[in-house]
Amino acid sequence: MIHRYDRLASRLESLDRRWIFLVLAAVVVVSLLTGVSTPDRATSVVQPIYDRIENLPAGAPILLSLDYSPSSAPELEPMADALTQHALLTGHPICYMSLYPTGNNMISRVEERVIAREFPQAAPGRDWVSLGFQVGGEMLINSLRDSLTARYPTDVAGRPLRQIAALRGVRGLADFGLIVSLSAGQPGLKEWILYAGDVLDVPLAGGCTGVGAPQFFPYYPLQILGLMSALKGAAEYEGALARGHPEFVAANQQATRGMGPQSAAHLVIVAFILLGNAGLLLRRLARRRTP
Amino acid sequence: MKQRVPQIILSVTAVLLIISAFIARPEDGNAPYVQRMLAFADQEFATWFSILTVFAFLLGGLNLVATHLVKIRDRGPDRYYSLVTLVSFVIVLVVGMAKLGGPPGLQGDVTAPGSWLSTVFDAVLSPLHATLYSLLAFYIASASYRAFRARSLESTLLLASALVVLLGRIPAGRYLTAWIPEPVAFLRVEELSLWILRVPNTAGQRALMIGIALGVIALAVRMIAGLEKDPRSGGDGS
Amino acid sequence: MSGWLAPGTWNVALVGAFVCALIGFSVLRARRGATVSVRALPPLLALDRAVADAVAAGRPVYFVAGSQDLDNMQTVAALAVLRPLARKVAEAGGRLFVPTNRSLVMDNAREICRLAYADAGRADLWRDDWVAYISDDHLGFVARVDGLIARERPGLCVLMGFFASESLLLAEGGHQVGAVQIAGTASAVQLPFLVASCDHVLLGEELFAAAASLEGDAARLGSLRGQDLCKLAAAVCLVAGSLVVTVADVTGAAPWTFLRDAFLNVFRAG
């Protein structure tokens, strides 16, 4: 009997990882196919970002730095979409830029997926502008503090910044109503905090991947007014947007839809952790009963 | 001399940049010369940095080509991978430099929608990135299974925190503890999860950050003062 | 002078100057002969045995210096560890592969390894292509390195420096081929992944202490002592600050509120 316990325990404790991979993949695929999801509500960490945009003075521009590459897009792109929707709904011009080399493409994707489809009346240069990627990371942020034209004489389409209506009244970073960095790593939100938020009197918020979230909580709420972490943070923002602007509920809710498979994956991981611990417990019980 | 000149450049540049971070940007041209110079350094070093970075890309690209050409020439076991690497490298380079399918000219956006580079990005790079990144989910699952075991008091606390955060970050977790009455709502799993992230996690992160920041400052001070031994120098390390 | 100082930066300048002065003073003292003892770091103690085992098994050693360029201090600290490691591998007569994802890191790493092999009297063994540039793209880099690890089956993987999501991908790659894995990073969010997947991990600031622990020169040891003194000062300020703020808020008495405001001014964020 004790041997049987021991065998079962060692099986539970040292499962071949391919079983874990298989079960995880199967559960995620099934939940993707069934499309089960539930709307989320904004927590106290996400709500301030929504409130800030709602309460910005009319026409105040928002700087959105898409500091990620395609790998982390599934977590961060829904945030970019929701922020774009919110800004355009409330009449705030958006200025996109990126600290990542793949940033131009990430910006193009938001333009194509959200602006072109959902806001056909929005005009480039008036409602949004894309500055694109520039190399330099924290040094780029530092040099934009006083003047955007120092490193961005034109936008990606080649229009001189002075002629762009969306940036009327904007000289440096401090002239934005809100800066949001959607950050996959370095350079990203941390650099924005150190070189813009802490130095200038400008409200700063962020979005980050799930892995990066613990790193940014120490900055909340003094140095960043809010933080969206991973798909859950994006889903919370979508929830706030759906409640505040019900006319928009049916629109692009990719984070809310993605929470179904994410929930399933979390539950699988919890189940395997419990399984491993059940093995450990069984082994201890078996040893205790050994004369 | 070969070591002294780079050290002087490093020290002068670093000191200038550090000082300029604390110097107010002059409002007009009447500010003292030193103040204007420091502001100039703060502003322009970023541009110089960008230019130098381009040369670093060049060095990397040349090394990549040289390494893989040698592998193909030597008919090593990995030569087919090297061939794929080189062909991909040349295709992306030509497509990007010629701005195929996109707006031409120096000002033309190389990644404009419809350009070939944009297609390569959407059809090749993007799925490859997504695939590799999604492997993390599988690796996190297997690593969590191995790591989170209640072997001691500390590891039991770690296990409990992990379970709370895992459940607190999904709607299912919310429904699991929705029955907990409002006066003790802080016991609900999503509230506990947020508390773990905001309180114990923040405390630990801050302690780590202080130690790391001091480590970075100490290394920087040694480098600026020329006291950090150049690892490329020979000798016995003393 | 007040017109010169950027608004809101005086407190950072003050704390920064204090920290630099304390570290500089400790370095000077150590260089003048003051003894500084440093505790042995277990991951580094394991290095000798792991190198010997890998070489004895005919398996190579892999070293990854993070995923950032030389402007990141963690990369500099990682390269400082590479030199003694390369020397150990050379003395044991082994092969050391250093895939890099920044060309400047490659250039430095190659020079470090070449000299370390020469110092160990094994210049004949060294090949320049053991240090290679892979890709600036961190996932492209990981794909290639994981592929190399799967084919070459190293006996020891040393992962030092800044890592982002690639930390777990690299560490699991090494775990899969049964390599001994020694890691070190000051990237706090990646530490849990490395702890879960590696045999030994240098935690946070230990990465910056690694070179001092391995090579023990006076400047590095002195600055370690300076860091400890700064940490002590930070701990004292934390406790004192918490007490002062609490007492001031409870009593509202003038000297305490003055002290509280002074504390909050010096240590305010932003």
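The structure under discussion appears in the preceding block.
Calculation rules
- Residues numbered from 1 in each chain as written.
- Chains lettered and ligands numbered in written order.
- Predicted model: local features only at pLDDT ≥ 70, side-chain atom pairs only at ≥ 80, totals over all residues.
- Pairing = 2+ DSSP bridges.
- Helix = DSSP H or I, 4+ residues; strand = E, 2+ residues; numbered from the N terminus.
- Axes fitted to C-alpha atoms, helices over the stretch in contact; angles between N-to-C directions.
- Buried ≥ 20, exposed ≤ 12 C-beta atoms within 10 Å, placed from the backbone.
- Right-handed = clockwise from strand over helix to strand, strands pointing away.
- Contact = placed C-beta atoms within 7 Å.
- Nonpolar A, V, L, I, M, F, W, Y, C, P; charged D, E, K, R; others polar.
- Core = buried A, V, L, I, M, F, W, Y, C linked by C-beta atoms within 7 Å.
- Parallel < 35°, antiparallel > 145°, perpendicular 65-115°, else oblique.

Peer 1: Before we move on, could you go through the sheet that holds strand E5 (residues 180-185) of chain C and cite the residues and values that matter?
Peer 2: Residue and element names in this part refer to chain C. Read from one edge to the other, the open sheet built from six strands follows the order E3-E2-E1-E4-E5-E6, with strand pairing classed as parallel. Both edges of this open sheet fall to strand E3 (131-133) and strand E6 (200-203), since each of them pairs with a single strand only. Across the sheet, the axes of successive neighbouring strands diverge by a mean angle of 15 degrees, strand direction being ignored. Judged from the two bridges that link them, strand E1 (residues 61-64) and strand E2 (residues 96-100) form a sheet pairing that is parallel. In the sheet register, Tyr62 faces E2, and the bridge partner there is Phe97.

Peer 1: Report on the pairing of strand E4 (residues 178-183) of chain A, specifying residues and quantitative values.
Peer 2: Residues and elements named next belong to chain A. A large share of E4 lies buried, amounting to six of its six residues. Across the two faces of E4 the burial is the same, with Leu178, Val180 and Leu182 and Ile179, Ser181 and Ser183 all buried. Here strand E1 (residues 62-67) pairs with E4 via six bridges, running parallel. Across the sheet, the residue bridging to Leu64 is Val180, located in E4. Pairing between E4 and strand E5 (residues 204-208): five bridges, direction parallel. In the sheet register, Ser181 faces E5, and the bridge partner there is Gly206. Once the chain exits E4 it traverses helix H7 (residues 189-197) before rejoining the sheet at E5, and the crossover so formed is right-handed.

Peer 1: Break down the interface of chain B and chain A for me, citing the residues and quoting the values.
Peer 2: With 44 residues of chain B in contact, the opposing surface of chain A contributes 50 residues. At the level of secondary structure, the elements contributing two or more residues to the side of chain B that touches chain A comprise helix H2 (33-73), helix H4 (116-147), helix H5 (153-168), helix H6 (171-176), helix H7 (189-198) and helix H8 (200-224) of chain B. No other element matches the 14 residues that H4(B) contributes to the side of chain B that touches chain A. Among the residues forming the side of chain B that touches chain A, the class breakdown is 24 nonpolar, 13 polar and seven charged.

Peer 1: For the environment of Ile193(A), give the residues involved together with the corresponding values.
Peer 2: All names here are of chain A. As for its placement among the helices and strands, Ile193 is situated in helix H7. Accessibility expressed as a C-beta count within 10 Å gives 22 for Ile193, which makes it buried. C-alpha of Ile193 to C-alpha of Gln223: the two residues are 30 residues apart in sequence and 6.7 Å apart in space. Residue contacts for Ile193: discarding those within four places in its chain leaves Asp198, Leu204, Tyr219, Gln223 and Ile224.

Peer 1: Break down the nonpolar core for me, citing the residues and quoting the values.
Peer 2: Counting residues in hydrophobic clusters, the biggest one holds 204 residues, and the most contacted among them are Tyr237(A) and Cys113(C). At twelve residues, helix H3 (residues 73-92) of chain C tops the list of elements feeding residues into this core. When neighbours within four sequence positions are excluded, Tyr237(A) is seen to be in contact with Ala42(A), Val46(A), Ile49(A), Tyr50(A), Met79(A), Ala82(A) and Met228(A).

Peer 1: Describe in detail the interface of chain C and chain B, supporting the description with residues and values.
Peer 2: Taken residue by residue, the interface counts 58 residues in chain C and 44 residues in chain B. For the side of chain C that touches chain B, the element with the highest residue contribution is helix H4 (residues 103-119) of chain C, accounting for ten residues. Here the residues of the side of chain C that touches chain B sort into 36 nonpolar, eleven polar and eleven charged.

Peer 1: If you had to explain the packing of helix H1 (residues 4-22) of chain B against H2(B) to someone new, which residues and values would you point to?
Peer 2: All names here are of chain B. Running from amino to carboxyl end, H1 crosses H2 at an angle of 110 degrees, the nearest separation of the two axes being 8 Å. For the element pair H1 / H2, the angle class is roughly perpendicular. Packed against H1, whose contacting residues are Leu16, Leu17, Ile19, Ser20 and Ala21, the element H2 presents Leu38, Ala39, Ala41, Asp42 and Phe45 at the interface. Residues of the contact of H1 with H2, tallied by class, amount to eight nonpolar, one polar and one charged.

Peer 1: Give me the lowdown on the sheet that holds strand E6 (residues 227-229) of chain A, citing residues and values where you can.
Peer 2: All names here are of chain A. Read from one edge of the open sheet, six strands run E3-E2-E1-E4-E5-E6, paired in parallel fashion. The open sheet is flanked by strand E3 (128-133) and E6, the only strands paired with a single partner. Strand-to-strand twist of the sheet, defined as the mean angle between neighbouring strand axes without regard to direction, takes the value 15 degrees. The strands touched by helix H9 (residues 230-244) within the sheet are E5 and E6, with E6 carrying the most contacts at an inclination of about 125 degrees.

Peer 1: Describe the pairing of E5(C), and please don't skip the residues or the numbers.
Peer 2: Residues and elements named next belong to chain C. Of all six residues in E5, six are buried, a share of seventy percent or more. Residues Val180, Ile182 and Gly184 line one face of E5 and the alternating positions Gln181, Ala183 and Thr185 line the opposite face, and both faces are buried. Between the parallel elements strand E4 (residues 156-160) and E5, the chain passes through helix H6 (residues 166-176) in a crossover that is right-handed. Sheet topology places E5 next to E6; four bridges connect them, and they run parallel. Opposite Ile182, over in E6, you have His200 as the bridge partner. Remark: the E5/helix H7 (residues 191-197)/E6 crossover connection has right-handed handedness.

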